[in-house]
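Summary of structural features
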Amino acid sequence: MAVVSMLCVQVGIAASVGLFDQLGPAGVASLRLVWAGVLLLVIVRPRVRTFSRVALKTAGLLGLVTAGVTLSFMAAVDHLPLGTAVALEFLGPLGVAVVTGHGASARWPAVAAAGVLLLTEPWSGAVSAIGVGFALTAACSWAAYIVLTQRVGDELAGITGLAVSMPVAALASLLVAGPPLAADLTPGLLLAGLGLALLLPVIPFALEMLALRRLTTAAFGTLMCLEPAFAVLVGLLFLGQVPGALAAAGVLLVMIAGAGAERAGARSDRP
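Worth saying up front: this structure is predicted, and the values here are computed from it rather than measured. (Residues numbered from 1 in each chain as written. Predicted model: local features only at pLDDT ≥ 70, side-chain atom pairs only at ≥ 80, totals over all residues. Heavy atoms only, no water.)

1. Overview of the overall build of the chain
Condition: For the purposes of this entry, the term helix denotes a DSSP run of H or I that reaches at least four residues, the term strand denotes a run of E that reaches at least two, and both are numbered from the N terminus. Residues are treated as being in contact if the distance between any of their heavy atoms lies within 4.5 Å. Surface exposure here means Shrake-Rupley accessible area, sampled with a 1.4 Å probe, where a residue is shielded only by the protein chains that are shown.
Of regular secondary structure, the chain possesses twelve helices and zero strands. In the chain, the succession of α and β elements from N to C terminus is α-α-α-α-α-α-α-α-α-α-α-α. Partitioning the intrachain contacts of the chain with sequence separation of at least 6 by distance along the chain shows that 90% fall at a separation of at least 24. Of the roughly 11,600 Å² of accessible surface on the chain, a fraction of 69% belongs to carbon and sulfur atoms.

Below you can see the structure in the form of structure tokens.
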């Protein structure tokens, strides 16, 4: 589930880049989130009155974090190659794995960190500082997203939590991109936004919530090491972004770390 989720995310991001000229990064992110919120409300029809106060609060916080990671990452991709942006964003899950990992699982983040360094090449000085800032903001948001997604998934059945968090994310994103987005929308862009919402975030976020019911946050965070590798591959196939030798070495390291995440095993406290 986690691997399919990552593939959907990277293809969805690559497809989103094509709409930047018409809507801008914030507009594309907001359009996806609005469609996702509408789809989940219609499909799931959550009964909010039946939620506990803690569950409702956690789902709301997850929505704000979802808006943060989506908006900041789209802005990062506007300034950085897809593989580089994803590698920097991965510092969020890597941090979760370091903090919550134990035993064998705690060693794999170090391997992944070496891969991230090779992918970003910070010593070259060629990376956009603005893009790095947005990517690091996305990293912090993604770390919070992993923790909150597991909590929401434990407290609410199925993907009910997403049907609450996603509309919250949509409303938060509209505060940033609302007026310009409304002026630039066309029927064709609305339809494209629907397709993008399915690729990212509806399908991958639902899969991640289900996966986090079966994995520890350490195992899930380290498994996300594969994300930069998928990003480089998608960037090459869809955006023509060819990685250098160091980037290829970085991909190999994060793939090794991702395979090592399996040693962390399943959760011992499955709800």
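2. Quick look at the nonpolar core
Test applied: Remark: nonpolar core denotes a set of buried residues (Ala, Val, Leu, Ile, Met, Phe, Trp, Tyr, Cys) joined through side-chain atoms within 4.5 Å. Each residue is assigned to one of three classes by its accessible area relative to the maximum for its type, calculated with a 1.4 Å probe on protein chains only: buried under 20%, partly exposed between the two thresholds, exposed over 50%.
Ranked by internal contacts, the top residues of the largest apolar core, which has 77 residues, are I13, F73, V77, L82, Y145, L162 and M166. Among the elements that make up this core, the one with the highest residue count is helix α3 (residues 53-77) (eleven residues).

3. What about the side chain of E89?
Applied cut-off: Neither His nor the chain ends is counted toward charge; the positive residues are Lys and Arg and the negative residues Asp and Glu. Salt bridge, as applied in this entry: a Lys or Arg side-chain nitrogen positioned within 4 Å of an Asp or Glu carboxyl oxygen.
Turning to its location among the elements, E89 is positioned in helix α4 (residues 82-89). It is R32 that comes nearest to the buried, bridge-free E89 among opposite-charge side chains, at 8.9 Å.

4. Details of the side chain of S173
As a reminder, the rule being used: Polar contact is the term for a pair of N or O atoms within 3.5 Å; when the atoms are in protein, one must be able to donate a hydrogen and the other to accept it, and sequence-neighboring residues count only if both atoms are side-chain atoms.
Relative to the helices and strands, S173 resides in helix α8 (residues 160-184). Among the residues examined, S173 registers a relative accessible area of 0% and is labelled buried. Looking at S173, its side chain comes within polar contact range of the main-chain oxygen of A170, at 2.8 Å. Those residues in contact with S173, other than ones at most four positions away along the chain, are S30, L33, A67, L71 and G178.

5. A word on the packing of helix α7 (residues 129-155) against helix α9 (residues 187-211)
Rules: Each axis is a line fitted through C-alpha atoms, and for a helix only the stretch in contact is used; angles between axes span 0 to 180 degrees, taken between their N-to-C directions. By definition in this entry, angles of less than 35 degrees are roughly parallel, angles greater than 145 are roughly antiparallel, angles of 65 to 115 are roughly perpendicular, and the rest are oblique. We call a crossing left-handed when the near helix sits turned anticlockwise from the far one by less than a right angle, and right-handed when that turn is clockwise. Side-chain classes are defined by residue name, with Ala, Val, Leu, Ile, Met, Phe, Trp, Tyr, Cys and Pro counting as nonpolar, Asp, Glu, Lys and Arg as charged, and the others, Gly among them, as polar.
One way to put it is that α7 packs onto α9 with a least axis distance of 8 Å and a crossing angle of 70°. The angle between the axes of α7 and α9 places the two elements in the roughly perpendicular class. Here the hand of the crossing between α7 and α9 comes out right-handed. Here α7 contributes Y145, T149, V152 and G153 to the contact with α9, which in turn contributes F205, E208 and M209. Residue classes in the contact of α7 with α9 are distributed as four nonpolar, two polar and one charged.

6. Describing α4
A turn of α-helix holds 3.6 residues, and therefore any two residues three or four places apart point the same way. Among the eight residues of α4, eight are classified as buried, and the element is accordingly described as predominantly covered. Each element contacted by the buried residues of α4 is listed here: α1 (2-17), α3, α5 (91-100), α6 (108-120), α7 and α11 (226-239).

7. Focus: unusual backbone geometry
For the bond from L200 to P201, the omega torsion is 25°, close enough to zero to count as cis. Locating P201 in the fold gives a position in helix α9. Positive phi outside glycine occurs at R45, with the angle close to 50°. Inspection of the secondary structure assignment puts R45 in the loop between α2 (20-44) and α3. When its relative accessible area of 66% is taken as the criterion, R45 is described as exposed.

8. Brief notes about a nonpolar patch on the surface
Here is the rule: The patch calculation keeps residues exceeding 30% relative accessible area without a salt bridge and links them within 9 Å when they carry like charges or within 5 Å when they are nonpolar (Val, Leu, Ile, Met, Phe, Trp, Tyr).
On the surface, a cluster of nonpolar side chains totalling about 590 Å² of accessible area is made up of L233, L236, L237, F238, L239 and V242. Residue position: L239 is located in helix α11.

9. Focus: the confidence of the model for the chain
The condition is simple: Per-residue confidence from the prediction method is given by pLDDT, with values spanning 0 to 100.
On average, residues of the chain score 84 in pLDDT, and 90% of them are at 70 or above. By mean pLDDT, helix α10 (residues 217-223) is the weakest element of the chain at 68, and α3 is the strongest at 94.

10. Section: the packing of α2 against α8
Here α2 crosses α8 at 145°, and the two axes come no closer than 7 Å. Regarding α2 and α8, the two cross each other, and that crossing is left-handed. Class assignment of the residues belonging to the contact of α2 with α8 gives a composition of 19 nonpolar, six polar and one charged.

11. A look at the environment of V96
Checked against the element boundaries, V96 lands in helix α5. With relative accessibility at 7%, the residue V96 sits in the buried group.

12. What to know about the environment of V132
Residue placement: V132 occurs in helix α7. For V132, a relative accessible area of 22% translates into the label partly exposed. Not counting residues within four places of it along the chain, the set of residues in contact with V132 comprises L80, L88 and V127.

13. As for the environment of D78
Take D78: it is sitting in the loop between α3 and α4. Taking relative accessible area as the criterion, D78 reaches 42% and is therefore assigned partly exposed. Note: C-alpha distance between D78 and I130 (52 residues apart in sequence) is 9.9 Å. Setting aside residues up to four positions removed in sequence, D78 forms contacts with F20 and P25.

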